[in-house]
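Examination of the molecular architecture
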Amino acid sequence: MKSIRIIAAAAFSFSLLMSFNSCKPKNAGNAVNADAASKAYVAPGKYDEFYNFVSGGFSGQLATYGLPSGRLLRVIPVFSVDPEKGWGYSEETKPMLNTSHGFVPWDDLHHTELSQTNGEIDGRWVFGNANNTPRVARIDLKTFRTAEIIELPNSAGNHSSPFITENTEYVVAGTRFSVPPDDKNGDVPINTYKQNFKGTISFISVAKEDGKMDIAFQIQCPGVNFDLSHAGKGKSHGWFFFSCYNTEQANTLLEVNASQKDKDFIMAVNWKKAEEYLKAGKGRKQAVKYAHNTYSDKTHSATSEIKTEVTVLDAKELKDICYFIPCPKSPHGCDVDPTGEYIVGSGKLAALIPVFSFDKMIKAIADKAYAGDYDGIPVIKYEAALYGEVQKPGLGPLHTEFDGKGNAYTTFFVSSEVVKWNIKDLKVLDRAPTYYSVGHLCIPGGDSKKPNAKYLIAYNKITKDRYLPTGPELAQSAQLYDISGDKMQLILDFPTIGEPHYAQAVSADLIKGNSVKFFKIDENQNPYVSKGEGTTKVVRTGNRVDVNMTCIRSHFSPDNIEGIKAGDEVYFHVTNLEQDWDVPHGFAIKGANTGELLIMPGETQTLKWTAEKAGMFPFYCTDFCSALHQEMQGYIRVSPAGSNVPLLFSTGKNYPVADTAAKK
Ligand code: K7E
Ligand code: CUA
């Protein structure tokens, strides 16, 4: 959420309704109490109670923190390369970042969503979205690695994503930018938005056993901006809710032109109905191009496949799939309470929070209580779907999470606070300041049927004076609140990687026991694996040289290689023979213009290196693996192009000098 100027403009207009001062958090002065430190303290050697999976925004990464300590446990490259792990640099991982546009090693990851079973977090996978070049990733929580990435056709700015249904039947993604469909000529005047631009919602199925994703279908909707979404649950399972802005269908200066109407929409999607239409063959097959990338823990490598077809359902023709509910004003967050009955729309420019009732919505549809239609989609009357409004909650509401005890917590960007309110009577119960300009928030399980309402974490957009200055950009920041009592209590600030947007947290017990400790070397199916030092080899094919090598504390095999020639492309396929937890080895060679390799026990990874010129090129292990780590090294001798120095490799012995000389 970067639209500070829009918000600022809105805040200005609010000054008529309420003075800015009147919204200043009342308890700003006593934000941190004396017992705060002990509540966030996790003694050395003790584990945290929760994992917190935090989106890294424009870093393209996802970070894992322990709660309540705020300790950073792991940064997971998702839509990014990461030299720390060799991710995106090794030959095995590069295909994960392939798209229909080629290799795209960056994206903007805004939202994380944990898989669920029966509406409860099950600890199997966490999903993340790529905003820019639309993709959805699945991260395996056994390995804490990206296991799969699927690209989304007919989309641009995959923001309303990746939200899931209560049994992880689908990961759902709504496009932020409406654009002409991929199979139509996109070379049209921009001001033909109203005729030519469409908004697409993607339903990605997730296989129960292994999590494999597939685009089951897409729904073509009117051209608007989809912002956020959440699945129905319990009684509203089978429905999905999306916030929409720019229902003005503006194509320029949106900060003004997309803020004209008093109300935009929440779009309700009956996806069970969509499934019926799909079964009945009502979908249109559309020619598209998108990448589907998967990583195998057997071959320890990724494959990328370009797919060419998607099935599209037209919301205009298939009348009873989509409905619009008016929602004030430029809604951002779209959140469903644990019972599935209440749908909260957070209008960035609204002075209240509307809460919609699922039951009333269903009745309104049955009664055809419509206020007309929008581009062929029925618009339900606001009052017919409205449960009630939270009056004067704060300025710039963005996102809401739930505690499972009948309360909702909404963030306010402009007034920099989290506000707790009761869902039933819509009364504000408590407010806590944030430092500053909070965006998303997270309660463990806070968008599921079963929140664990011990903590609330606020993810802030601006840190100003909270940390030591670090040049023009200051630390990104999260704040932890204890919400176990009636009042929220700030207990910790902790910096985050990249700009955090949505995050989810889960009890560590659900995940920690499943962690893979090492990969079994016997099951390694990488085509270049060496399962022991006896099978290592160096093979020349033209100017390509494959080095199948191994590493184990504390040497490489081979560690002396001669007969490489300038211009050769050398592939180091390094297998880590260790069968023990937390013993990776690294591999780096002088002049390599990619990254290192970091090879987990039992795994094979490949570094491609071009021997540019004659000389001596040392390589070494980058991960301090034993007392003799600094001895873990080797040499590559590169001779001039055209040289006939024989290809020789060895470990622990020397060839007679005559054998290694250039032949006359
Ligand atoms: Cu940051 Cu979810 Cu992109 Cu709101 S979004 S803050
Ligand atoms: Cu192996 Cu250091």
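Provided above is the structure to which this section pertains.
Read on for an overview of the structure. (Residues numbered from 1 in each chain as written. Chains lettered and ligands numbered in written order. Predicted model: local features only at pLDDT ≥ 70, side-chain atom pairs only at ≥ 80, totals over all residues. Heavy atoms only, no water.)

1. Here's the deal with the site of ligand 1
What counts is decided by this rule: To be near a molecule or strand, a residue needs just one of its heavy atoms within 4 Å of it. Gly counts as polar in this scheme, as do all residues outside two lists: the nonpolar Ala, Val, Leu, Ile, Met, Phe, Trp, Tyr, Cys and Pro, and the charged Asp, Glu, Lys and Arg.
Taken together, 11 residues surround ligand 1, and among them His-110, His-159, His-332, His-440 and His-501 come closest. Of the residues that constitute the shell around ligand 1, the class distribution is two nonpolar, eight polar and one charged.

2. Some remarks on the pairing of strand S21 (residues 342-347)
Here is the rule we go by: Partly exposed residues are those whose accessible area sits between 20% and 50% of the maximum for their type, while under 20% is buried and over 50% is exposed, using a 1.4 Å probe and protein chains only. Only DSSP runs of H or I with at least four residues qualify as helices, and only runs of E with at least two residues qualify as strands; both kinds are numbered from the N terminus onward. Two strands form a pair only when DSSP identifies at least two bridges running between them.
Taken across its six residues, S21 has six buried, putting it largely inside the fold. Sheet topology places strand S20 (residues 331-336) next to S21; four bridges connect them, and they run antiparallel. Residue pairing across strands places Asp-335 opposite Val-344, the latter belonging to S21. Between the end of S20 and the start of S21, which pair antiparallel, lie five residues, with Gly-340 showing a positive phi angle near 85°. Pairing between S21 and strand S22 (residues 352-357): three bridges, direction antiparallel. Directly across from Ile-343, in S22, lies its bridge partner Phe-356. The loop that links S21 with its antiparallel partner S22 comprises four residues.

3. So, the side chain of Ser-357
Heads up, the condition is: Pairs of N or O atoms are called polar contacts if they sit within 3.5 Å, as long as, within protein, a hydrogen donor faces a hydrogen acceptor (for residues adjacent in sequence, only side-chain-to-side-chain pairs). Whether two residues are in contact is decided by their heavy atoms: any pair within 4.5 Å suffices.
Checked against the element boundaries, Ser-357 lands in strand S22. By relative accessible area, Ser-357 is classed as buried at 2%. Of the polar contacts made by the side chain of Ser-357, one reaches the side chain of Glu-341; its length is 2.6 Å. With residues near it in sequence (within four places) discarded, Ser-357 still touches Glu-341, Ala-385, Leu-386 and Tyr-387.

4. Quick word on helix H5 (residues 271-279)
Selection criterion: Our arc is simply the arc of the directions from the helix axis toward the C-beta atoms.
Those residues of H5 lying buried are Trp-271, Ala-274 and Tyr-277. What you see down the axis of H5 is that its buried residues fit within an arc of 105°, all on one side. Looking at the buried positions of H5, the neighbouring elements they touch are strand S11 (170-174), strand S12 (198-206), strand S13 (213-222), strand S15 (239-245), strand S16 (263-270) and strand S18 (301-314). Looking one or two places after H5, you find Gly-281, whose phi comes out positive at around 75°.

5. Observations concerning the state of the cysteines
The cut-off we apply is this: Disulfide assignment relies on a single distance test, namely cysteine sulfur atoms paired within 2.5 Å.
For the structure on display, the rule yields zero disulfides. Looking at Cys-334, it has no disulfide partner, and the nearest cysteine sulfur is the one in Cys-327, 7.7 Å off. A disulfide-free cysteine, Cys-551 has its sulfur positioned 7.0 Å from the sulfur of Cys-621, the nearest such atom.

6. With respect to the sheet that holds strand S8 (residues 135-140)
Our working rule: To obtain an axis, a line is fitted to C-alpha atoms, over the contacting stretch when the element is a helix, and the angle between two such axes runs from 0 to 180 degrees between their N-to-C directions.
Strand order in the open sheet formed by 10 strands is S6-S7-S8-S9-S17-S18-S13-S12-S11-S10, with mixed pairing between adjacent strands. Across the chains shown, the open sheet's two edge strands, defined by having one partner strand only, are strand S6 (112-117) and strand S10 (160-164). Between one strand and the next, the sheet's axes are offset by a mean angle of 25°, whatever the strand orientation. Note: S11 against S12, five bridges, orientation antiparallel. Note on S12: the bridge partner recorded for Gly-174 is Ile-201.

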